[in-house]
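# An overview of the molecular structure
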Amino acid sequence: MAKISYYTEEGLTKLRNELNEMKTKGRTEIARQIAEARDKGDLSENAEYDAAKDAQGMHEMKIAKLEEILSNARVIDESTMDTSQVSVLSKVKIKNRKNGMEVTYTLVSEEEADLKAGKISVGSPIGKGLLGKKVGETTEIKVPAGMMEFEVLDISRFSGE
C-alpha cells in the first residue's frame with residue numbers, strides 16, 4: 001500500500017520540476033560520462049566506467065522514487081481546511097511551557113520540510129505531537145533533548161508565502 005502525501009501546489013510543482021530535470025539534464029549528463037569512460041578503452045579494468053554505471057543506477061533509482069512519490073501526491077485545498085484542530089498545512093503558533101518561548105510552524109510533508117522557513121514535517125516528533133490538537137490544549141512531546149511541553153495558541157491556514 002503506497003503512502004499518500006499531501007502538498008501545497010508550490011511543493012508539488014517543485015517536485016515535478018525536479019523530476020523533469022533529472023529525466024532530461026541528469027540522464028544526458030550521465031550518458032555523457034559513460035560514453036567518455038567507454039572511449040578510454042578496456043571496460044574490464046575501467047573504474048571510471050564502473051563509477052558512471054553505478055551513478056546511472058542511483059540516478060534511475062531516485063527517478064523511480066520521485067515518480068512513486070508524485071503518483072501518490074495530493075494537493076490540499078487550503079480553502080476547505082478545518083482550522084479547529086492541527087492538521088497537514090496548518091500554521092500553528094505554540095508556546096514552550098518551560099521557557100515561555102513562542103514559535104510558529106507550518107506542518108508540511110517530509111519532502112517540503114524546511115526548518116529555516118518554519119515548515120516542519122508531520123512525521124517529525126513535534127509534528128506528530130501537534131496533529132489533532134486544538135487551541136488551548138497542551139501536549140507533551142518526546143524530542144531528542146527529552147520531553148517538552150507545548151501549548152497550542154493559534155491555528156490558521158497556511159498562506160503559501
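This is a predicted model, so every value here is computed, not measured. (Residues numbered from 1 in each chain as written. Predicted model: local features only at pLDDT ≥ 70, side-chain atom pairs only at ≥ 80, totals over all residues. Heavy atoms only, no water.)

## Digging into the nonpolar core
Note on soluble globular proteins: their nonpolar side chains tend to be buried together. In terms of nonpolar packing, the biggest core is built from 13 residues, with Ile94, Ile126 and Leu130 touching the most fellow members. Broken down by secondary-structure element, the contributors of at least two residues to this core are strand 3 (90-96), strand 4 (102-108), helix 3 (125-130), strand 6 (138-143) and strand 7 (146-157). The leading source of residues in this core is strand 7, at 3 residues. Sequence-distant contacts of Leu130, that is, excluding residues within four places in its chain, are made with Val86, Ile94, Leu107, Thr139, Ile141 and Val152. (Core = buried A, V, L, I, M, F, W, Y, C linked by side-chain atoms within 4.5 Å. Buried < 20%, exposed > 50% of the residue type's maximum accessible area, 1.4 Å probe, protein only. Helix = DSSP H or I, 4+ residues; strand = E, 2+ residues; numbered from the N terminus. Contact = heavy atoms within 4.5 Å.)

## Quick word on the UniProt feature "domain: Transcription elongation factor GreA/GreB C-terminal" (unreviewed entry) in the protein chain
Under the UniProt annotation, "domain: Transcription elongation factor GreA/GreB C-terminal" (unreviewed entry) lies at residues 83-156. A distance of 6 Å separates the end C-alpha atoms of residues 83-156, which is 8% helix and 46% strand. (UniProt positions renumbered as here; feature names shortened; annotations may be inferred.)

## Considerations on helix 1 (residues 9-38)
Residues spaced three or four apart along an α-helix face the same direction, because each turn holds 3.6 residues. Its 30 residues place the ends of helix 1 42 Å apart at the C-alpha level, agreeing with the 44 Å of an ideal helix rising 1.5 Å per residue. The sharpest bend along helix 1 reaches about 35° and sits at Met22. (Expected span 1.5 Å × (residues − 1). Bend = angle between axes of the 7 residues up to and from the residue.)

## What to know about the environment of Glu67
On the secondary structure map, Glu67 appears in helix 2 (residues 47-71). Taking the C-alpha atoms as reference points, Glu67 and Leu15, separated by 52 residues in sequence, lie 9.3 Å from one another. Once residues within four sequence positions are removed from consideration, Glu67 is found in contact with Leu19 and Lys23.

## Observations regarding the packing of helix 1 against helix 2
The angle between the axes and the distance between the axes are what describe a pair of packed helices. Following both chains from N to C, one finds helix 1 and helix 2 inclined at 165°, their axes separated by 9 Å at the closest point. As the angle between them shows, helix 1 and helix 2 are arranged roughly antiparallel. Regarding helix 1 and helix 2, the two cross each other, and that crossing is left-handed. Across the contact of helix 1 with helix 2, the residue classes tally to 14 nonpolar, 4 polar and 10 charged. (Axes fitted to C-alpha atoms, helices over the stretch in contact; angles between N-to-C directions. Parallel < 35°, antiparallel > 145°, perpendicular 65-115°, else oblique. Left-handed = near helix turned anticlockwise from the far one by under 90°. Nonpolar A, V, L, I, M, F, W, Y, C, P; charged D, E, K, R; others polar.)

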